[in-house]
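The residues making up each chain are set out below.
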Amino acid sequence: MKVGILTGGGDCPGLNAVIRAVARRVSEAGGECVGFLEGWRGLVRGMTKPLTLDEVEPWLGRGGTVLGSSRTNPYRDPDADLPRLRRNFADAGLDALIVVGGDDTLGVAARLVNDFDLPIVGVPKTIDNDLALVDFSFGFDTAVNVVVESVERLRTTAESHRRVMIVETMGRSTGWLACFAGIAVGADYVLVPEVPIDVPHLVSALKRRREAGRNHAIVLVAEGARRPDPDPGAPQPEDLDPPRPGGVGATVARAIERRLDVETRTVVLGHLQRGGAPTAHDRVLATRMGLAAAELVLQRRLGTVLTLRGGRIGDVPLDSQALAVRPLDLAFYQDAAAFFY
């Protein structure tokens with residue numbers, strides 16, 4: 001049996017552990033693995049890399065993805081890219097393809113299964129933890145720990161200069177990362193996409209904190225946080241300026257400075273949250289997911305995608321319905337809000 005592997009979308013700690021586990025399990029069963037470089041671009045262009053046991057063995061704790069990644073989507077130019085993709089798939093002599101990615105990468109995989117019955121198994125990954133397929137995705141724990149370490153460093157400078165520090169995290173549509181990191185560091189306020197920004201409440205909480213003698217504060221803001229949708233017929237509030245380059249964190253900082261007359265700085269963590277070696281938790285979870293994906297291939301249970309429920313790995317048909325985005329469970333946000341001063 002010959003199995004292809006590709007990783008698409010944003011890089012994520014644990015990807016290399018998945019690749020290593022797949023290659024180990026397939027090799028033990030007498031098969032071989034080949035990696036496609038740079039996500040779907042590699043399959044469209046026929047860019048491959050052999051995945052021998054000696055090659056993959058050191059990859060367990062390595063960050064990023066050795067195979068590379070891209071945002072290439074062959075359905076953006078289907079007349080040119082889909083025939084090349086299918087031809088390269090056939091020329092590679094693949095019995096199956098394991099696709100590791102988020103909603104966009106797995107969305108392409110689901111369409112290829114539906115349109116051409118390609119033998120694909122999907123492995124979900126996202127540092128945002130926003131796929132309904134899994135309770136927690138590998139990469140998330142690492143990203144939370146990166147945010148926690150960064151905020152703990154920023155807290156000392158905030159305290160020294162009596163500042164409010166706004167820390168902008170990833171999370172375009174969900175607030176899992178900001179919320180979990182906020183609880184872990186004892187943030188003084190957390191803003192997430194699922195809860196519209198309430199500037200008066202935010203400012204009031206920070207004001208009470210200063211009145212109590214706490215002269216610095218940490219506010220975590222998910223990049224997708226926003227104010228309530230305005231009434232088009234009503235005068236627009238001045239609490240938040242329209243978004244500007246630099247992200248929502250800078251916008252929130254300006255609103256706080258205007259209301260409290262307190263020096264407020266913004267730090268955008270950006271791609272730091274994706275980088276570095278995976279935590280032990282993510283190495284274990286990614287390894288388990290890789291082994292489970294390989295087992296599905298060996299059992300010829302194709303056109304499926306892995307799930308994680310209550311710590312148990314399962315699988316469901318790989319289709320668009322399975323790839324729903326999962327918003328933050330607001331019970332977690334209520335736990336974070338219990339510490340808003």
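Residues numbered from 1 in each chain as written. Predicted model: local features only at pLDDT ≥ 70, side-chain atom pairs only at ≥ 80, totals over all residues. Heavy atoms only, no water.

1. A word on the pattern of salt bridges
Throughout the structure, instances matching the rule amount to 12 salt bridges. A salt bridge links Asp 81 to Arg 84, with the nearest nitrogen and oxygen atoms 3.8 Å apart. Of this pair, Asp 81 and Arg 84 are both found in helix 4 (residues 78-91), three residues apart, which corresponds to roughly one turn of the helix. Since its relative accessible area comes to 33%, Arg 84 is described here as partly exposed. The salt bridge involving Glu 149 is made with Arg 153; its shortest N-O contact spans 3.5 Å. On the criterion of helical spacing, the pair formed by Glu 149 and Arg 153 is a turn pair, its members being four residues apart in helix 6 (residues 140-161). A single salt-bridge network, built from bridges that share partners, covers Arg 20, Arg 24 and Glu 57. (Salt bridge = Lys/Arg side-chain N within 4 Å of Asp/Glu carboxyl O. Helix = DSSP H or I, 4+ residues; strand = E, 2+ residues; numbered from the N terminus. Buried < 20%, exposed > 50% of the residue type's maximum accessible area, 1.4 Å probe, protein only.)

2. Quick notes on the environment of Gly 107
Here Gly 107 is to be found in helix 5 (residues 103-116). The spatial distance from the C-alpha of Gly 107 to the C-alpha of Arg 274 is 21 Å, given a sequence separation of 167 residues. Those residues in contact with Gly 107 that lie beyond four places of it in its chain are Gly 102 and Leu 323. (Contact = heavy atoms within 4.5 Å.)

3. A closer look at the nonpolar core
Of all hydrophobic cores here, the largest spans 110 residues; its most connected members are Trp 40 and Phe 138. Setting aside its immediate chain neighbours within four residues, Trp 40 contacts Leu 6, Ser 70, Thr 72, Pro 74, Leu 85, Leu 97, Val 99, Thr 105, Val 108, Ala 109 and Leu 112. (Core = buried A, V, L, I, M, F, W, Y, C linked by side-chain atoms within 4.5 Å.)

4. Some remarks on the packing of helix 8 (residues 199-211) against helix 9 (residues 248-260)
Direction vectors running N to C along helix 8 and helix 9 enclose 60 degrees, while the axes themselves pass 10 Å from each other. Accordingly, the angle class assigned to the pair helix 8 and helix 9 is oblique. When you trace helix 8 past helix 9, the crossing you get is right-handed. On the side of helix 8, the interface is formed by Val 199, Pro 200, Leu 202, Val 203, Leu 206 and Lys 207, while helix 9 contributes Val 252, Ala 255, Ile 256, Arg 259 and Leu 260. Taken together, the residues of the contact of helix 8 with helix 9 break down into nine nonpolar, no polar and two charged. (Axes fitted to C-alpha atoms, helices over the stretch in contact; angles between N-to-C directions. Parallel < 35°, antiparallel > 145°, perpendicular 65-115°, else oblique. Left-handed = near helix turned anticlockwise from the far one by under 90°. Nonpolar A, V, L, I, M, F, W, Y, C, P; charged D, E, K, R; others polar.)

5. Quick notes on helix 5
Over its 14 residues, helix 5 runs 19 Å from end to end, which matches the ideal 20 Å to within 8%, given 1.5 Å per residue. Those residues of helix 5 that sit buried are Thr 105, Leu 106, Val 108, Ala 109, Ala 110, Leu 112 and Val 113. Residues of helix 5 that are buried in the fold lie against strand 1 (2-7), helix 2 (40-45), helix 4, strand 4 (96-101), strand 5 (120-124) and strand 10 (304-309). Directly beyond the C-terminal end of helix 5, a positive phi value near 55 degrees is found at Asp 117. (Expected span 1.5 Å × (residues − 1).)

6. Considering the sheet that holds strand 7 (residues 189-191)
In spatial order, the strands read 7-8-6-9; together these four strands make up an open sheet with parallel pairing. In the strand order of this sheet, the two ends are held by strand 7 and strand 9 (264-268), each with one partner. Neighbour-to-neighbour, the strand axes of this sheet turn through a mean angle of 20 degrees, independent of strand direction. The pairing of strand 6 (residues 164-169) with strand 9 spans five bridges and is classified as parallel. Note that in strand 9 the partner of Glu 168 across the bridge is Val 268. Contacts between helix 6 and the sheet are confined to strand 6, strand 8 (217-222) and strand 9, with strand 6 contributing the most and set at about 165 degrees to the helix. (Pairing = 2+ DSSP bridges.)

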